[in-house]
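# Coordinate analysis (summary)
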Amino acid sequence: MSKVVIIDYGAGNVQSVRFALERLGVNAVLTNRADEIRTADKIIFPGVGEARSAMDQISKNNLHQVIPTLKQPFLGICLGMQIICSFSEERNTKCLEIFEEKVRRFRVSGKVPHMGWNTVNLKPSLLLKGITDNAYFYFVHSYYAPICEHTIGSCDYDVSFSAILEKDNFYGCQFHPEKSAQNGEKLIQNFLEL
Amino acid sequence: MLSKRIIPCLDIKDGRTVKGVNFLDLVDAGDPVEQGRIYAEQGADELVFLDITATADKRKTIVDLVTKVARNVNIPFTVGGGISSVEDAYAALQAGADKVSINSAAVRRPELLDECSANFGNQCIVLAVDAKFIKGEWIVHLVGGRKATEVRLYPWIKEAVSRGAGEILFTSMDHDGTKNGFANESLKEISMMVDVPLIASGGAGSKIHFKEVFERGQADAALAASVFHFGEISIPELKAYLEKEKINVRIN
């Protein structure tokens, strides 16, 4: 049985991600230890909170150096996706630079945070197989990654932004698949099958 | 496009779902976790659980409920009904709640909103407020609507948002249980006054009330209990109706 690791660095949605995996029959390991993470088959990097404190937390365990070297399928969720970009405007935080994009704050006419269910335009990807285009996912965020060559899912909230990123073994989604009903479950299932 | 949200509310007492008609008479309506799971399958966008159990160890009661719900439900949910400190909020969020709703405790000590939003971010802090229209003014009520205060509704909502409430859940006690529709005029006023999402509560009786609350009341979400619990309106049927009426709702 494959080993699924959730990186535990004090992010708020760790339990929700763990329970979502449980509902799919997977008992994930919660850890912040580099050796456990390196030997995992799949890695999930959750995130609810604020970019600077999150970077500080993962740096304590040297994970800022470990994560970019990983070769296994890796899924960053919400803040976990923003942190694998290069930089966040949230307290001007230098991030992990797996994706070159800089994360910006929403400057829109609508309410911020962008909170609720929104539709995502999908490009073909193994991560998204069986999910129909314009599928709804649940978002809660005030910062976003712009559209780029690695965008495989885009969403509109006054501006178009990256809802899903893919580059080699690294995936990120801005929404919360663990809270996105059947579409979210399908995405997590696809990730586990990569 | 961001959709309007439909939110069933489950009042919990001693581990069971209840619904107060005008807040007072309680009727048993089942197991909260099972019911939440069914609502999620039917297409509810979010759930609210209000724990009205009076126990010495309230925090433990809430954490038990939250853990059970978080294990079984695949959509976001809010828990309230006894969050009166940062520690209570932390325990509920840590157990898997997406948001906490704070009502009386914030009226008694508004700084609680600052403290909670500083610790957890305003996106997970919902200010719940129950109010009644008395002599030309909306007056905030406490303890599930039983106790009047001196606090006026609109200034309180403004203050709460500036302190860190990230969403407002407004229940009109004059509309709650009547099934005559939501308090659309006041909701519109609130929606224009603050830049955080607004959940309307109190008065849902038929499908057209939901259309009205999104159009006239400009609410971002509508919450109801008995019309869903007793099967008077089913969520798939409500969403199909709203879609036909050009309201943006999540169907898939």
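Since this is a predicted model, take the numbers as computed values, not measurements. (Residues numbered from 1 in each chain as written. Chains lettered and ligands numbered in written order. Predicted model: local features only at pLDDT ≥ 70, side-chain atom pairs only at ≥ 80, totals over all residues. Heavy atoms only, no water.)

## As for the sheet that holds strand β1 (residues 4–7) of chain A
Residues and elements named next belong to chain A. What counts here: Two strands pair if DSSP finds at least two bridges between them. Secondary structure elements are taken from DSSP: a helix is a run of H or I of four residues or more, a strand is a run of E of two residues or more, and numbering for both begins at the N terminus. Here an axis means a line fitted to C-alpha atoms, over the contact stretch when the element is a helix, while the angle between two N-to-C directions is reported on a 0 to 180 degree scale. Note on contacts: a residue pair is in contact if any heavy atoms of the two residues lie within 4.5 Å.
Spatially, 9 strands are ordered β2-β1-β3-β4-β13-β12-β11-β8-β9 in an open sheet, and the strand pairing comes out mixed. The open sheet has two edge strands with one neighbour each: β2 (29–31) and β9 (135–141). In this sheet, adjacent strand axes meet at a mean angle of 30° when their direction is disregarded. Note that strand β3 (residues 42–45) and strand β4 (residues 74–77) share 3 bridges and pair parallel. Paired with F45 across the strands is G76, a residue of β4. On top of the sheet, helix α1 (residues 14–23) reaches β1, β2, β3 and β4; it is set at about 165° to β1, its chief contact.

## Some details on the pattern of salt bridges
Residue and element names in this part refer to chain B. Threshold: Whenever a carboxyl oxygen of Asp or Glu lies within 4 Å of a side-chain nitrogen of Lys or Arg, that contact is scored as a salt bridge. A 1.4 Å probe rolled over the protein chains alone gives each residue an accessible area, and that area as a share of the maximum for its type sets the label: buried under 20%, exposed over 50%, partly exposed in between.
Across all of its chains, the model carries 33 salt bridges over all chains by this definition. A salt bridge links E167 to R5, with the nearest nitrogen and oxygen atoms 2.8 Å apart. Here E167, found in strand β10 (residues 167–172), pairs with R5, found in strand β1 (residues 5–13); they are 162 residues apart in sequence, far enough to count as distant. Accessibility expressed as a relative area gives 0% for E167, which makes it buried. Put simply, K99 and E46 hold a salt bridge, and the shortest N to O gap is 2.8 Å. Taken together, the residues K99 in strand β6 (residues 99–102) and E46 in the loop between α1 (32–42) and β4 (47–51) connect sequence positions 53 residues apart. Assigned by exposure class, K99 and E46 land together as buried. Taken together, the shared-partner salt bridges in this structure form one network comprising R5, E46, K99 and E167.

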